[in-house]
Amino acid sequence: MTGDRFRPLGRVPSLRIELLGLPLDALTFDETVRLIVDRIARGEPTLQVSLNAAKYVRAAEDPLLRGFIRRAHVVSPDGAGPLWAARRLGLEVPERVPGVDLMLALLPEAARHGWPVFLLGARPEVVERAAAEATRRWPGLQVAGTHHGYFRADEEAAVVEQVRQSGARLLFVALGSPRQERFLDRWFAKTGVTYAQGVGGGFDVLAGVARRAPEWIQRAGLEGVYRMMLEPRKRWRRVVVDNARFIALVLRAARRRGGGGTRPGPAP
Ligand code: UDP
């Protein structure tokens, strides 16, 4: 993991806090969109990562994931977990910035600015449907290319070359976690895109294959529980174990200071 894969520019240091040993940009949803659009317009390489309870738990055990998150240019609180943790530790994080919603806000910006996008990941029919739905919703959006997410490690370089050749400016990667983080850590600089974001099951949502939790469930921070009820076999263990471990992480950090994070510092 050398540092030259992408430059950590961090243009918003005064809004960047540290929560549970990881950076987090304490921005509203709209500020996050504006920041990213500005950076893309300026041509500044921008890798965005969304943190939820599961990712904090995994990062605590996985130095590669920690390194990736530390090098990311924009780090957003995906779920209710980070918000609760911040409150518990006396830090201010204005609101959730769900990764899927961020993608859905950036696609119309890409259409407006004429920035071509590449959709990489999910099942072949899902990524095709997601691309068709995106161009239907946002006429003028240029989808420079799509590729499904079921390729082998030795095919990665060819997939990356396809992204590069497409001339895409934005890349959304839906390979699930932590595969999409590993992929972006390794290849972001080679893709030629200005902006990249891992979106988990985001193409399934855009394609209409996966249902989003109702708004009130999202607001209550229960989206993980809702998804668990839809796919209990696949998800129960992860939701229960990850949440329990996350709560333990937060309580340990709170005992250590009372804290575990730092407040926003002044801009350097
Ligand atoms: N996915 C993929 N390749 C893989 C594994 C998953 O493209 O090898 C896609 C999957 O089709 C789905 C998305 O990644 O569109 C998210 O998958 P999942 O819900 O399993 O991951 P999570 O985000 O819950 O970790």
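Residues numbered from 1 in each chain as written. Predicted model: local features only at pLDDT ≥ 70, side-chain atom pairs only at ≥ 80, totals over all residues. Heavy atoms only, no water.

You'll find the protein entered in an unreviewed UniProt entry as Exopolysaccharide biosynthesis protein, WecB/TagA/CpsF family, with Thermaerobacter subterraneus DSM 13965 given as the organism.

Trainee: Describe in detail the site of the ligand, supporting the description with residues and values.
Mentor: Not every one of the 17 residues close to the ligand is listed here, only the nearest: Ala122, Gly149, Tyr150, Arg179 and Asp204. Contact between the ligand and Ala122: an oxygen atom at 2.8 Å from a main-chain N or O atom of the residue. In this structure, an oxygen atom belonging to the ligand sits 3.2 Å away from a main-chain N or O atom of Gly176. In isolation the ligand exposes 530 Å². Once the protein is present, 80% of that is buried. A per-element tally of the shell around the ligand places helix 12 (residues 232-257) first, with 3 residues. A class-by-class count of the residues in the shell around the ligand yields 4 nonpolar, 6 polar and 7 charged. (Near = heavy atom within 4 Å. Polar contact = N/O pair within 3.5 Å; in protein donor to acceptor, adjacent residues only side chain to side chain. Areas by Shrake-Rupley, 256 points an atom, 1.4 Å probe, with all protein chains shown as cover. Helix = DSSP H or I, 4+ residues; strand = E, 2+ residues; numbered from the N terminus. Nonpolar A, V, L, I, M, F, W, Y, C, P; charged D, E, K, R; others polar.)

Trainee: Tell me about the nonpolar core, and name the residues and values.
Mentor: One finds Leu19, Leu20, Tyr56, Ile69, Leu171 and Phe183 to be the most contacted residues of the largest nonpolar core, which totals 45 residues. Among the elements that take part in this core, helix 12 stands out by supplying 5 residues, more than any other. Counting 35 residues, the second largest nonpolar core, distinct from the first, contains Leu107, Ala122, Leu141 and Leu170. (Core = buried A, V, L, I, M, F, W, Y, C linked by side-chain atoms within 4.5 Å. Buried < 20%, exposed > 50% of the residue type's maximum accessible area, 1.4 Å probe, protein only.)

Trainee: Tell me about unusual backbone geometry, residues and numbers included.
Mentor: Pro178 follows Ser177 through a cis peptide bond whose omega is 5°. Position of Pro178 among the secondary structure elements: in the loop between strand 7 (170-174) and helix 8 (179-191). Phi at Leu20 takes a positive value of approximately 55°, unusual for a residue other than glycine. Classification of Leu20 by relative accessible area gives buried; the value is 18%. Positive phi is not limited to glycine here, since Ala122 has a value of about 70°. Its place among the elements puts Ala122 in the loop between strand 5 (117-121) and helix 6 (124-137).

Trainee: So what about the side chain of Thr32? Which residues, and what values?
Mentor: Secondary-structure assignment places Thr32 in helix 1 (residues 29-42). Given a relative accessible area of 1%, Thr32 falls into the buried group. Non-local contacts of Thr32, meaning those with residues more than four positions away in its chain, are made with Leu27, Val74, Ser76, Val97 and Leu102. (Contact = heavy atoms within 4.5 Å.)

Trainee: Could you give me a rundown of the environment of Leu24, with the residues and numbers involved?
Mentor: Topologically, Leu24 is positioned in strand 2 (residues 22-25). Through-space distance from the C-alpha of Leu24 to that of Pro82 is 9.2 Å; in sequence the pair is 58 residues apart. When near neighbours in sequence (up to four residues on either side) are disregarded, Leu24 contacts Leu15, Arg16, Ile17, Leu19, Leu51, Tyr56, Val75, Ser76, Pro77 and Val93.

Trainee: Talk me through the pattern of salt bridges; I want residue IDs and the actual numbers.
Mentor: Under the counting rule described, the total for this entry stands at 18 salt bridges. For the salt bridge of Glu109 with Arg112, the shortest nitrogen-to-oxygen distance reads 2.8 Å. Taken as a pair, Glu109 and Arg112 lie in helix 5 (residues 99-113) at a separation of 3 residues, close to a single helical turn. Residue classification places Arg112 among the exposed positions, given a relative accessible area of 62%. Among the ionic pairs, Glu125 bridges to Arg123, the shortest N-O distance being 2.9 Å. You can call Arg123 partly exposed: its relative accessible area is 38%. Ionic contacts of the salt-bridge type, sharing partners, join the residues Arg96, Asp101, Arg212 and Glu223 into one network. (Salt bridge = Lys/Arg side-chain N within 4 Å of Asp/Glu carboxyl O.)

Trainee: Can you explain the packing of helix 2 (residues 53-61) against helix 3 (residues 63-71)? Please cite residues and give values.
Mentor: Geometry of a packed helix pair, given as the angle between the helix axes and the separation of the axes. Look at helix 2 against helix 3: their axes get within 6 Å of each other, and the N-to-C directions meet at 115°. Touching Lys55, Arg58, Ala59, Ala60 and Glu61 of helix 2 are Pro63, Leu65, Arg66 and Ile69, all from helix 3. Here the residues of the contact of helix 2 with helix 3 sort into 5 nonpolar, no polar and 4 charged. (Axes fitted to C-alpha atoms, helices over the stretch in contact; angles between N-to-C directions.)

Trainee: Tell me about the sheet that holds strand 4 (residues 74-77), and name the residues and values.
Mentor: The 6 strands are arranged 4-3-8-7-5-6 in an open sheet whose pairing can be described as parallel. Each end of this open sheet is capped by a strand with a single partner; those strands are strand 4 and strand 6 (143-147). Between one strand and the next, the sheet's axes are offset by a mean angle of 15°, whatever the strand orientation. Where strand 5 and strand 6 come together, 4 bridges link them in parallel fashion. Residue Leu120 lies in a different strand from strand 6, and its bridge partner there is His147. Of the strands in this sheet, strand 3 (46-51), strand 4, strand 7 and strand 8 (195-198) touch helix 1, which is tilted by about 160° from strand 4. (Pairing = 2+ DSSP bridges.)

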